[in-house]
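# A look at the structure
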Amino acid sequence: MAKIGVVGIGWWACFNHIPTLQASGDVEKIAICDLDPARLALVGDQFGIAARYSDVAEMVKAEGLDGVIISTPHIAHTKPALAALQAGAHVLVEKPMATTAADGRAIAAAGIAAGREVLISTGLNYTKFSAQAADWVRAGKIGQVRHAACQMGSALDDLMAGEPMLETANHLFRPPASTWADPAKAGGYAWGQMSHSLAWLCYVADVQFQSIYCLDTKSKTGVDYYDAAVGRCTNGASVALSGASTVPKQRGMHTDVRIYGTEGVIWFDCEAGRARLELSRLDGSNETYQMAPGEADYDGSLPVSHFAALCAGRPVGNPANGENGARVTEAIAAMYASAASGQPVQIGA
């Protein structure tokens, strides 16, 4: 059984993280940490949590925590993640892992130095079908990865435009515009959503970006509503990336990825109620993963449940680890830098 703390107890922590932990058979104790005393009192009373802190390291040591979930605003992930790792806890960092390449690499390195796991809450990575797709690539079923097309769309035009997110009207808290719609605070679609599709691509295809060129189109608050990018990977593969925040609410989020190799192609696409994952080889053979109804519908509880199991000592693996998160952070940071400059950006240069 695990003891887990939650840092940053706003909308998503209260809607997803804390309820998932309380429903988990792997968790024996929950602690919360926030800089706002009034919020600590409100959330603690709401969920019956007595362990309340304003300092991450103090919380880890005093409660003997096995893991800490970082659910602060996008730009405030690095400091508490490093503090939790250095205090001896595993960490689950909300996506995006960080908002600079240096911070992403710092978190990944701190996990290695501490001998602790870093997980990122990119939920698609934690599914059985994603593990199958990754196994196909690792087994050489498509040969060497040479190209990929990775597209994602979400029903978040309101959130990216600084307006209240329609579906959160009855939640304890609502997503703040300061996190999602402020360009000075890493608002925008690439940070907020394309971290999911890029994490899936980097995990399944095992690619790392070397350079990126990006164009974007802004919302009324000045963050990216739409993104179109092309990238070169360190293995020479080319990638086309696309993101859009104005999907109608009745359709919801969708993801569409093709991974082309020297011997075949992986086809993955999903939206509410419909999904497929297939492998087609140049020799004429095919494999299909049989999706259960609703299996590919996005489930935000998956990373939290997986993290709880890992913290409890179960051998669940880590399909969205610190290296994956760092690669995604590098890529998205380069997208923003390219869109601002109008020039391709070299990663690590």
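Owing to the predicted nature of the structure, the values given are computational and were not obtained by experimental measurement.

### A short note on the packing of aromatic side chains
Any pair of aromatic rings gets described here by the distance separating the centres and the angle formed by the planes. Scanning all chains against the criterion turns up 7 aromatic pairs. Ring geometry for W200 against F268: centres 4.5 Å apart, planes inclined by 20°, an arrangement best described as stacked. Taken together, the positions of W200 in helix α9 (residues 189–205) and F268 in strand β12 (residues 264–271) put the pair 68 residues apart, joining distant regions of the chain. With respect to burial, W200 and F268 carry one shared label: buried. Members of the aromatic cluster, each reached through a chain of ring pairs, are F129, W200, F268 and Y289.

### Some points on the side chain of N125
With respect to the helices, strands and loops of the structure, N125 is situated in the loop between β6 (118–120) and α6 (128–138). Here W200 takes part through its backbone nitrogen, which lies 3.4 Å from a polar atom of the side chain of N125. Discounting residues that sit within four places of it in the chain, N125 has contacts with S130, A199, W200, Y203, P319, A320 and N324.

### Remarks on the pairing of strand β13 (residues 274–281)
Bridge analysis of β12 against β13 gives 8 bridges, and the strand direction is antiparallel. Pairing of E271 across the sheet is with R274, part of β13. What sits between β12 and β13 in their antiparallel hairpin is a turn of 2 residues, with G273 showing a positive phi close to 85°. Here β13 pairs with strand β14 (residues 286–289) via 4 bridges, running antiparallel. Within the sheet, the bridge partner assigned to S280 lies in β14 and is N286. Linking β13 back to β14 in an antiparallel pair, the connection comprises 4 residues, with G284 at a positive phi of about 95°.

Parameters at a glance
Residues numbered from 1 in each chain as written. Predicted model: local features only at pLDDT ≥ 70, side-chain atom pairs only at ≥ 80, totals over all residues. Heavy atoms only, no water. Phe/Tyr/Trp six-rings, centres within 6.5 Å; stacked < 30°, edge-to-face > 60°. Helix = DSSP H or I, 4+ residues; strand = E, 2+ residues; numbered from the N terminus. Buried < 20%, exposed > 50% of the residue type's maximum accessible area, 1.4 Å probe, protein only. Polar contact = N/O pair within 3.5 Å; in protein donor to acceptor, adjacent residues only side chain to side chain. Contact = heavy atoms within 4.5 Å. Pairing = 2+ DSSP bridges.

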